[in-house]
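Here are the chains, one letter per residue:
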Amino acid sequence: MGIMIAANSTDGSGSRFDALLVLSFGGPEQPADVRPFLENVTRGRGVPPERLDAVAEHYLHFGGVSPINALNRDIISRVESELVSAGMDLPVYFGNRNWHPMVEDTVARMGEDGVRSALVFPTSAWGGYSGCRQYHEDVARARAAAGEGAPHLLKLRQYYDHPLLIGAFADAVREAAVQLPAGCRARLVFTAHSVPVSADVNAGPPAEGGRLYSRQVAEAARLTAHAAGFDDFDLVWQSRSGPPQVPWLEPDICDHLDALAGRGVGAVIVCPVGFVSDHLEVVWDLDTEARDKAAELGIDFVRAATPGTDRRFAELVVALVAEQLAGTPAARLGSEPLLGSTLDGRSCAVDCCKAVVRPSGRPAHTR
C-alpha cells in the first residue's frame, strides 16, 4: 500500500489508538451451538420455536457450522499482515454480536491488556439499523459490560463505495461470467439482504431523506456493473425472515428468477453485493435455494465471489484505519452519504437509523 504511519493519532478523548477491533455478527461452529446462537439472534423478537427449528436446519445442512467466524479469522490474518506492511503497530482483536468470541468478552480483555483507545471495523459496509446503528449499540453494550477501564472505541465509517471493494466485486463478476458457455448472454443480478421497508425508510438521518441502506446498495450495484463492463443489471433482495404481513424490500431473488425465465432469459450472473463474505445467507439462500430454483427453470446460474478473501479487502481495512490515523481523504466512488463513525457507540445524528419499535418496546427487526 505504501502507507507508513505510526499509530499515534487520538480518538478525541486524548487517547492514543492502541488496537483495532473487528466486529461481526457471529455464527455457530458446531451443531450444539446452533440453537443457542439463533436464540441470541432473535432474543426479544417473539420468533416462534418452529421458525427457529426451520432456520436451524439450514445450519445443520452444513454440519452445524457457519462459515462466518472462519472467514473473519482469515480476514484478520490478512489485515494483520497489511498493518505490518504499512508500519502500523496495532494488535487486532475479534468480537461478535451473537456468538463467541462475544464482543463483551473481547472488549473486557482489551481493557485488561492495557488498550485504552481502539478503532472498530464492522463487517458491514452499509448504513441502516442492522448495517450500522446496531454495531454502535454493540460498542456501547460491550463498554458498559466491561465497566471501569473499558477502552474508548471509535467505529470506522461506512465503506460501501470504496474503490477497493468495488474493484473486487467487479473482478468477481468478470470471473463468474467466463464460467458460462462461450457466447452466452447472461443477465447480471445483484442481491443484498432484505430488511423491512419501514427499517429502510428510517435508514440514515431524517434530514437525508431516509432509505440510506437501499440507496447505498443501489449505488454499489451501479458502480460494480459499470466497472465490470455491464450497461444493464437488476437489483433484488434475499434472506427475508419476517412475517408475511410485514412488507420487506422486494423482489426476492427466487421470485425474480421466475420472472426472468418468463422473459426467456437463459443465464444469470448473481453478485451478492450486500455481503463481504460467504455467510450462510450466501451459501444457503444463493448457492443452494437460488441455484436449485434456476436449475428447475432451466437457467444457467453462476455466482460471483464475495470480496472477503480478496487481498484488496484487507487493504481496504487498513486504508480506513489510515484515514483516522493520518487524516488521509476518504477514498470513494459514490455520492450517497458516508456516515457511521462515532465514539463509544453514539449515534450519527438524532433518530439516525432508528429501529422500528413494536408496542412492546422491542425492535421489530434485526440483522
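Cut-offs and rules
Along each chain, residues carry numbers from 1 onward, in the same order as the chain's sequence is written. With the structure being a predicted model, the display of local features is reserved for residues of pLDDT at least 70 and the display and counting of side-chain atom pairs for 80 or more, all residues being used for whole-chain, interface and lining totals. Calculated side-chain values reflect all of the structure's heavy atoms, with hydrogen atoms and water omitted. Under the DSSP-based scheme used, a helix requires at least four consecutive residues in state H or I and a strand at least two consecutive residues in state E, with every element numbered from the N terminus. Here the globule rule reads 2.2 Å times residues to the power 0.38, and the radius of gyration is calculated from C-alpha atoms. Burial classes: relative accessible area under 20% of the type maximum marks a residue as buried, over 50% as exposed, and values in between as partly exposed (1.4 Å probe, protein chains only). Note on contacts: a residue pair is in contact if any heavy atoms of the two residues lie within 4.5 Å. In these tables, accessible area is a Shrake-Rupley quantity obtained with a 1.4 Å probe, and a residue counts as shielded only by the protein chains included in the view. Cavities and pockets are found on a 1 Å grid laid over the protein atoms alone: a cavity is a set of points where a 1.4 Å probe fits but cannot escape, a pocket is an open set with protein on both sides within 12 Å along at least five of seven lines, and a lining residue has an atom within 4 Å of such a point. Grid points are joined across faces, edges and corners, and a volume is the space filled by probe spheres set on the points. Fitted lines through C-alpha atoms give the axes, limited to the stretch in contact for helices. The angle between two N-to-C directions lies from 0 to 180 degrees. Oblique is the label for any angle not covered by the other classes, which are roughly parallel (under 35 degrees), roughly antiparallel (over 145) and roughly perpendicular (65 to 115). Each crossing is labelled by how the near helix is turned from the far one, with a counterclockwise turn of less than a right angle marking it left-handed and a clockwise turn marking it right-handed. Polar here means any residue other than Ala, Val, Leu, Ile, Met, Phe, Trp, Tyr, Cys and Pro, which are nonpolar, and Asp, Glu, Lys and Arg, which are charged; Gly is therefore polar. Two strands are said to pair when DSSP picks up at least two bridges between them. Two cysteine sulfurs form a disulfide in these notes if their separation is within 2.5 Å. Definition of nonpolar core: a set of buried residues of the types Ala, Val, Leu, Ile, Met, Phe, Trp, Tyr and Cys, connected through side-chain atoms within 4.5 Å. Nitrogen and oxygen atoms within 3.5 Å of one another constitute a polar contact, given that in protein one can donate a hydrogen and the other can accept it, and given that sequence-neighbouring residues count only through two side-chain atoms.

(A) The arrangement of the overall build of the protein chain in detail. For the protein chain, the count of helices and strands is 12 helices and 8 strands. Here the protein chain has a C-alpha radius of gyration of 20 Å; the compact-globule value for 367 residues is 21 Å, and the two agree. Overall size of the protein chain, expressed as C-alpha extent along the three principal axes, is 60 × 50 × 45 Å. Within the protein chain, the proportion of its 367 residues that are buried is 55%. Long-range pairs, those at least 24 residues apart, make up 79% of the contacts in the protein chain with a sequence separation of at least 6. A total of about 14,800 Å² of accessible surface is found on the protein chain, and carbon and sulfur atoms cover 51% of it.

(B) Seen up close, empty space enclosed by the protein. With the rule as written, the count across this model stands at 2 cavities of 30 Å³ or more. Considered as a void within the structure, the second largest cavity measures approximately 40 Å³ in volume. Contributing to the lining of the second largest cavity are Cys132, Arg133, His136, Gln158, Ser347, Cys348, Cys352 and Cys353.

(C) How the structure looks around the packing of helix α1 (residues 31–42) against helix α2 (residues 49–61). One way to put it is that α1 packs onto α2 with a least axis distance of 10 Å and a crossing angle of 135°. As far as their axial angle goes, α2 and α1 are oblique. In the packing of α1 onto α2, the handedness of the crossing is right-handed. The residues of α2 that touch α1, namely those facing Pro31, Val34, Arg35, Phe37, Leu38, Glu39 and Thr42, are Pro49, Leu52, Asp53, Val55, Ala56, Tyr59 and Leu60. For the contact of α1 with α2, a count of residues per class yields 10 nonpolar, 1 polar and 3 charged.

(D) Expanded view of the pairing of strand β1 (residues 19–24). The buried fraction of β1 is high, at 6 of 6 residues. Strand direction decides the pairing type here: β1 and strand β3 (residues 117–122), joined by 5 bridges, are parallel. Residue Val22 lies in a different strand from β3, and its bridge partner there is Phe121. When β1 meets strand β2 (residues 92–96), the two strands line up parallel, connected through 5 bridges. Opposite Leu20, over in β2, you have Val92 as the bridge partner.

(E) Geometry of the sheet that holds strand β7 (residues 267–271). Ordered in space as β6-β5-β7-β8, the 4 strands form an open sheet in which the pairing is parallel. A single partner strand is all that each edge strand has here, and the edge strands are β6 (234–238) and β8 (300–303). Neighbour to neighbour, the strand axes of the sheet diverge by 30° on average, direction disregarded. Relative to β6, strand β5 (residues 187–193) runs parallel, the two being bridged by 5 bridges. Within β6, the residue paired with Phe190 across the bridge is Leu235.

(F) Structural detail: the state of the cysteines. As enumerated under the stated definition, the model contains 0 disulfides in all. Cysteine Cys348 shares no disulfide, and the gap to the nearest cysteine sulfur, in Cys352, comes to 4.6 Å. Owing to a relative accessible area of 29%, Cys348 belongs among the partly exposed residues under this scheme.

(G) How the structure looks around the sheet that holds β2. Ordered by their spatial adjacency, 4 strands build an open sheet running β2-β1-β3-β4, and the pairing between neighbours is parallel. The sheet is open, and its two borders are formed by β2 and β4 (152–155), each paired with just one other strand. Between one strand axis and the next, the sheet turns by 30° as a mean value, whatever way the strands run. Bridging between β3 and β4 involves 4 bridges; their strand directions are parallel. Bridge pairing in β4 places Ala118 opposite Leu153. Across the face of the sheet, helix α4 (residues 103–112) comes into contact with β1, β2, β3 and β4 while running at roughly 150° to β2. In the packing of helix α5 (residues 129–146) onto the sheet, the strands contacted are β1, β3 and β4, and the crossing angle to β4 comes to about 175°.

(H) Local environment of the nonpolar core. Within the largest apolar cluster, 61 residues are counted, with the highest numbers of intra-cluster contacts made by Leu20, Val79, Phe121, Tyr159 and Tyr213. The element that contributes the greatest number of residues to this core is helix α12 (residues 311–326), accounting for 9 residues. Discounting chain neighbours no more than four positions away, the residues touching Tyr213 are Trp126, Gly127, Ala192, His193, Val195, Asp200, Ala203, Trp237 and Leu249. The next biggest cluster of nonpolar side chains, apart from the first, holds 16 residues, and it includes Leu257, Val282, Leu286 and Ala290.

(I) Layout of the side chain of Arg312. When you line up the elements, Arg312 lands in helix α12. Here Asp171 takes part through its side chain, which lies 2.9 Å from a polar atom of the side chain of Arg312. Contact partners of Arg312, with chain neighbours within four places excluded, come to Leu164, Gly167, Ala168 and Asp171.

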